[in-house]
Amino acid sequence: MKKRGRLMAILLSGALLCGIGTGCTGSNTTESAKADYIWSNVAIGGGGYVTGMEYNPKEEGLVYARTDIGGLYRRKKDTDWVPLTDFLGSDDWGYIGIESVATDPVEPNRVYFAGGTYMNNPAALFASDDYGDTWTRYDVPFHCGGNQSGRGCGERMRVNPNNNKEVWFGSRDSGQCIYKSADDGENGYGIYRSEDKGKSWLRINDEQHLFGNLNHKYITGDSNVYGRVYFCTDGRGIVMGDVA
């Protein structure tokens, strides 16, 4: 009896293992295992870290993703990611480190990016009025560090929602000046403002208002008050300014 009992136990165990290994389960279990989800990889074809993503507040589904060494990408509603900086060749490799991107809240077709991988390399401001399909490059009086510390701390560039000709930029340079736009060729560091859609930049503070040695990691405008801007500092809180 003992031998027969052991034999029956072995046969039952084998049957159970066979059922598990071959998926021999009831039809209800099989159907529930087939969830209504299809999983796959998200491919954007980029390189480096994705250090920031910016959604346009006016056009649904429009979003840009910047990387530290792999350029800029765009996605529209119900479309795939599209690379926007493949036009940069080997001589312009230093611009594929994207320091910041700004999408226009008034005219969604307009977008800007500040390109400059390292602080010891040239930087430039790129502007587009066709969602990034084509670009115009403008020289800037500041440097960028798209692949340096702090690259994922937020956007340094914003378009004024009350006057979208104004583009603001918080530089990581020495951080001792505030600037606005106007083709005078001055050089300096800190916060910059452009009033001609990024074509030129000008200092807007004086020597009595340097705000210390700031490292501007985030800047944004007030959508309700014209000319008001906020920026964060290293250790000095948030600074607010009303610029005429």
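Focus: the confidence of the model for the protein chain
Next up, step 1: For the protein chain, per-residue confidence averages 74 on the pLDDT scale, and residues scoring 70 or more make up 59% of the total.
Next up, step 2: The model gives residues 7–26 a pLDDT under 50, and that stretch makes two contacts with residues more than four places away or in other chains.

Topic: the sheet that holds strand 1 (residues 50–55)
Next up, step 1: Taken in spatial order, the four strands make up an open sheet running 1-2-3-4, and their pairing is antiparallel. A single partner strand is all that each edge strand has here, and the edge strands are strand 1 and strand 4 (82–83).

Overview of the nonpolar core
Next up, step 1: Counting residues in each nonpolar core, the largest one holds 15 residues, and the members touching the most others are Y112, L125, M157, F169 and W201.
Next up, step 2: Of all elements in the fold, only strand 6 (111–115), strand 7 (124–128), strand 9 (157–159) and strand 10 (167–170) reach the threshold of two or more residues within this core.
Next up, step 3: Y64, V101, A124 and W135 belong to the second largest nonpolar core, which has 14 residues in total.

Description of the pattern of salt bridges
Any two side chains of opposite charge can pair, so long as their charged atoms come close to each other.
Next up, step 1: Applying the stated rule across the entire model yields eight salt bridges.
Next up, step 2: The closest approach of N and O atoms between K77 and E60, which form a salt bridge, is 3.5 Å. Here the residue K77 occupies a position in the loop between strand 3 (72–75) and strand 4, and E60 occupies one in the loop between strand 1 and strand 2 (63–67), the gap between them amounting to 17 residues.
Next up, step 3: For K77, a relative accessible area of 45% translates into the label partly exposed.
Next up, step 4: Salt-bridge contacts for R137 lead to D92; the nearest nitrogen and oxygen are separated by 3.8 Å. With R137 in strand 8 (residues 136–139) and D92 in the loop between strand 4 and strand 5 (98–103), the pair connects residues that are 45 residues apart, well separated along the chain.
Next up, step 5: Residue class for R137 comes out partly exposed when judged on its relative accessible area of 43%.
Next up, step 6: Overall, the relative accessible area of 25% leaves D92 in the partly exposed class.

Basis of the calculations
Residues numbered from 1 in each chain as written. Predicted model: local features only at pLDDT ≥ 70, side-chain atom pairs only at ≥ 80, totals over all residues. Heavy atoms only, no water. pLDDT = per-residue confidence, 0-100. Contact = heavy atoms within 4.5 Å. Pairing = 2+ DSSP bridges. Helix = DSSP H or I, 4+ residues; strand = E, 2+ residues; numbered from the N terminus. Core = buried A, V, L, I, M, F, W, Y, C linked by side-chain atoms within 4.5 Å. Buried < 20%, exposed > 50% of the residue type's maximum accessible area, 1.4 Å probe, protein only. Salt bridge = Lys/Arg side-chain N within 4 Å of Asp/Glu carboxyl O.

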